Amino acid sequence: RPGTYVAGEMHDWDAPPGGYLLPATYSTAVAAARGALAWLAQDPGGTPRPTPSVDAAAPLSQAGAMSETAKRYRRLSTQFAERIAAVPDSAWEDPTPCEEWTVRQLVRHVIDSQGIVLGLVDKQAPAVDADADPVAAWRATSAALQAELDDPDRAAASFEGFMGPTTLEASVDRFVVLDLIAHGWDLARATGQDDRIAPDDLARLDAGARSFGDMAR
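Please read all numbers here as calculations on a predicted model, not as lab measurements. (Residues numbered from 1 in each chain as written. Predicted model: local features only at pLDDT ≥ 70, side-chain atom pairs only at ≥ 80, totals over all residues. Heavy atoms only, no water.)

Helix and strand content of the protein: 7 helices and 2 strands. Starting at the N terminus and walking to the C terminus, you meet the elements of the protein as α-α-α-α-α-β-β-α-α. Taken over 217 residues, the protein has a buried fraction of 36%. Expressed as a percentage of contacts within the protein between residues at least 6 apart in sequence, the contacts between residues at least 24 apart total 57%. When the accessible area of the protein is evaluated, it comes to approximately 12,600 Å², of which 54% is carbon and sulfur surface. (Helix = DSSP H or I, 4+ residues; strand = E, 2+ residues; numbered from the N terminus. Buried < 20%, exposed > 50% of the residue type's maximum accessible area, 1.4 Å probe, protein only. Contact = heavy atoms within 4.5 Å. Areas by Shrake-Rupley, 256 points an atom, 1.4 Å probe, with all protein chains shown as cover.)

Here you go:
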């Protein structure tokens, strides 16, 4: 069945180890782990997932393993997409807790922020008009950033950031994730949606704000 991966010993082999070929056991475990990681890295939408093709000789990091940052971004960007899609047509010009921004301007800001981060590692955000179709623009832009985070080598791309040398993954975790938590709340509050923040996200937001010190003011 697609999504099922098995590892184990092979019994009753006529082999020098005496019937238990441990090297083969380890190999099946590695292959199963790589397959499972690739499976988990697939799009978690409602469509059935295809059985992934995994190169058994590839490093484990290339077989679909995702960092905690990549998982966190996927969860928060999916939540933000759902909130954008739930904005009533009549609410796009409504005010938000960010006093200078309407709902449309707030969403555009978050979309543009993903593009800015992509640009720091010489990647270009998809050209989708955020005002004309904010749902499509968010999906395309966040998918582009997610693809970078899902690849360990690309996620580790380094650049000179505003606060010194850093990597794409570190910047997403320190800035973009916090932006999604904060502005996700802004968007939900402005449009009458569920604006509760998960305790772990709230603690991360608080710690991040404190780490910025005076720069956060």
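Attention now moves to the environment of Leu178. Here Leu178 is to be found in helix α6 (residues 168-190). Taking relative accessible area as the criterion, Leu178 reaches 9% and is therefore assigned buried. Sequence separation between Leu178 and Leu76 is 102 residues, and the spatial gap between their C-alpha atoms is 9.7 Å.

Before going further, it helps to spend a moment on α6. With 23 residues, α6 ought to run about 33 Å at 1.5 Å a step, and its terminal C-alpha atoms sit 30 Å apart, in line with that. Largest kink in α6: about 30°, centred on Arg174. With its phi angle positive at about 75°, Gly192 sits one or two positions after the end of α6. (Expected span 1.5 Å × (residues − 1). Bend = angle between axes of the 7 residues up to and from the residue.)

Another aspect to go through is the confidence of the model for the protein. In this model, the protein carries a mean pLDDT of 79, and residues with pLDDT of at least 70 account for 69%. Least confident of the elements in the protein is helix α1 (residues 22-40), whose mean pLDDT is 60; most confident is helix α2 (residues 68-85), at 94. Confidence drops under a pLDDT of 50 for residues 15-24, and excluding neighbours within four residues, the segment shows 11 contacts in the predicted structure. Confidence over residues 51-64 falls short of pLDDT 50; this stretch has 27 contacts with residues more than four positions distant or in other chains. (pLDDT = per-residue confidence, 0-100.)

The subject of this paragraph is the side chain of His183. Mapped onto the secondary structure, His183 falls in helix α6. By relative accessible area, which is 9% here, His183 ends up buried. Engagement of the side chain of His183 in a polar contact is seen with the side chain of Asp186, the distance being 2.8 Å. What His183 contacts, discounting residues up to four positions off in sequence, is Phe80, Cys98, Trp101, Leu106, His109 and Val110. (Polar contact = N/O pair within 3.5 Å; in protein donor to acceptor, adjacent residues only side chain to side chain.)

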